[in-house]
Amino acid sequence: MAMGSCGIRGGAAARRHAAMLGIGTANPTGVLVPQDVFAENLFRVTNSDHLPELKEKLKRICEKSGIEKRHFHLTEETVAAHPELLDRELPSLDTRVDMTADAVPKLAQCAAAKAIAEWGRPAADITHLVFSTYSACQAPSADLRLAALLGLRPTVSRTMLSLHGCYGGGRALSLAKELAENNRGARVLVACSEMTLVCFGAPDGGNIVGHALFGDGAGAVVVGAGPFLDGERRPIFEMVSATQTTIPRTEHALGMRVSGGGIDFHLAIQVPTLVGQNVEQCLVDAFRGAIVDDDDHDGGAAPPPPSPCSGNGNGRWNDLFWAVHPGGRPILDKIDKVLMLEAEKLAASRHVLREYGNLSGATIVFVLDELRRGRSPLPEWGALLAFGPGITIEAMVLRCPR
Ligand SMILES: CCCCCCCCCCCCCCCCCC(=O)SCCNC(=O)CCNC(=O)[C@H](O)C(C)(C)COP(=O)(O)OP(=O)(O)OC[C@H]1O[C@@H](n2cnc3c(N)ncnc32)[C@H](O)[C@@H]1OP(=O)(O)O
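Analysis parameters
Numbering of residues begins from 1 in every chain and follows the order in which that chain's sequence is written. Selection of residues for local features in this predicted model requires a pLDDT of at least 70, selection of side-chain atom pairs for listing and counting requires 80 or more, and totals for whole chains, interfaces and linings are taken over all residues. Processing note: side-chain calculations cover all non-hydrogen atoms of the structure and skip hydrogens and water entirely. Numbering of helices and strands runs from the N terminus, with a helix taken as a DSSP run of H or I at least four residues long and a strand as a DSSP run of E at least two residues long. Restricting the calculation to C-alpha atoms gives the radius of gyration, and the globule rule supplies 2.2 Å times the number of residues raised to the power 0.38. When accessible area is computed with a 1.4 Å probe and restricted to protein chains, residues below 20% of their type maximum are described as buried, those above 50% as exposed, and intermediate ones as partly exposed. Residue contacts follow a heavy-atom distance rule, with two residues in contact if any of their heavy atoms lie within 4.5 Å. Where accessible areas are quoted, they stem from the Shrake-Rupley method and a 1.4 Å probe; at the residue level, only the protein chains shown are allowed to cover. Charged-residue counts in this description rest on Lys and Arg as positive and Asp and Glu as negative, His and the chain ends being excluded. A charge is said to be at NZ when it belongs to Lys, at CZ for Arg, at CG for Asp and at CD for Glu. For a helix, the expected span equals 1.5 Å multiplied by the number of residues minus one. Note on bend: at a given residue it equals the angle between the axes fitted to the 7 residues ending there and to the 7 starting there.

Draft legend 1. Here's a closer look at the overall build of the chain. What the chain contains, in helices and strands, is 11 helices and 13 strands. Taken against the 2.2 N^0.38 rule, which gives 21 Å for 402 residues, the C-alpha radius of gyration of the chain at 21 Å falls within 12% of a compact globule. Seen through its principal axes, the chain has C-alpha atoms that stretch 65 × 50 × 40 Å. Residues classed as buried in the chain amount to 58% of the 402 residues present. Considering only intrachain contacts with a sequence separation of at least 6, the fraction spanning at least 24 residues in the chain is 79%. Carbon and sulfur atoms make up 53% of the accessible area of the chain, which amounts to about 16200 Å² in all. Seen as two clouds, the 40 positive and the 45 negative side-chain charges of the chain have centres 3 Å apart.

Listed below in structure tokens is the structure:
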């Protein structure tokens, strides 16, 4: 594959690959629940204390989750005022849609304002918006509301990704890369905003793991390619190559479904194993697409991306930095094991899981933000991984410009 001029060079030189030019994150400010009291709180708030065995199981799961705290938009007072949120037999979709209509785009606005400020140009210069959420069920949707809140131009080209779950952030970034690389001068705002209240309900055997894992948050990234514009900062991560892979015959393993009682979801116990068994081939495919000429690197001195067959346990995956969606602690453990990663390689993912829980599609933006804030310099090449219903695996080869 000829990719002659794809490297990002310093200063004002042209580049062809898209790059992340600003990153922002936000969480609801209202409710912060430490994981060690989550089960007690949930069972009290949902009047479920007559189910002590289920409560003990939730406590066991919380202890093993690798999570210390999570943020939520939904307050105890709101739950008390809306008993329909607790009983799946009662219609509650209208209530949930009303509650998220403003809250989801406003949370996205908080993250997007930070990303735009870092990017260094006015919001009106955004040409495309890609919005991903599992928490909005109406049209016009959260993308249009966010565009209005940010003062984007009426000509901004909007795309809404719904119910992609935890790979939504990876998909939105991949789409932004395509848009930026194929539309001269495009600046694409990616926004992912997730609120669990669309799924919230009294605990039962089916939703207990979701209760233990998921939290609320939003992430935003400004993506652009081509020559730098005045005021733009140096790119944070270059987006070199992206792939999407669906693991055959795993449709049953992860899913969400809109019902009159809210959004139902399921997470099969086999998910960590299925991701672990398939992740290395996805990485090999993504790196195969990322082979570039030495000439494309800054000053021509940087090494090329690792060869696609350099995994397979010979330790070369440790030459990379890693942005992995922390879908759950055992998923990170499996990836560590199959790729033989050194302990610190998934530190950013484990940090985000510990501090926020699984924020579905927004989580990957938190991981990217954490990575670039790290104290030690990153290796030049990196890999992004996100997983969700399908089972779908999004992989992207990243480069940290020197
Ligand atoms: C105000 C609150 C609001 C919250 C409302 C809820 C909001 C929900 C929002 C839903 C959003 C939907 C998005 C869906 C898209 C998902 C996309 C992804 O992230 S893809 C990635 C999604 N992430 C994942 O799929 C990974 C999730 N899994 C994990 O993180 C871990 O397995 C663990 C923390 C649950 C347990 O740690 P581990 O080391 O495995 O410990 P052990 O082996 O000792 O097991 C302990 C107990 O847990 C049991 N059990 C285990 N798994 C399941 C299960 N799936 N099922 C049922 N049970 C399960 C197991 O049987 C045992 O029971 P017991 O013998 O004690 O009775």
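Read on, since the account is not over.
Draft legend 2. Representation of helix α8 (residues 271-288) in the model. Compared with an ideal rise of 1.5 Å per residue, which puts 18 residues at 26 Å, α8 spans 26 Å between its outermost C-alpha atoms and is within 8% of the ideal. The sharpest bend along α8 comes to roughly 40°, located at N278. Listed in full, the buried residues belonging to α8 are V271, P272, L274, V275, G276, V279, E280, C282, L283, V284, A286 and F287. The secondary structure elements touched by the buried residues of α8 are β8 (237-246), β9 (254-259), β11 (321-324), α9 (329-339), β12 (381-388) and β13 (392-399).

Just distances and angles here, no functional claims.
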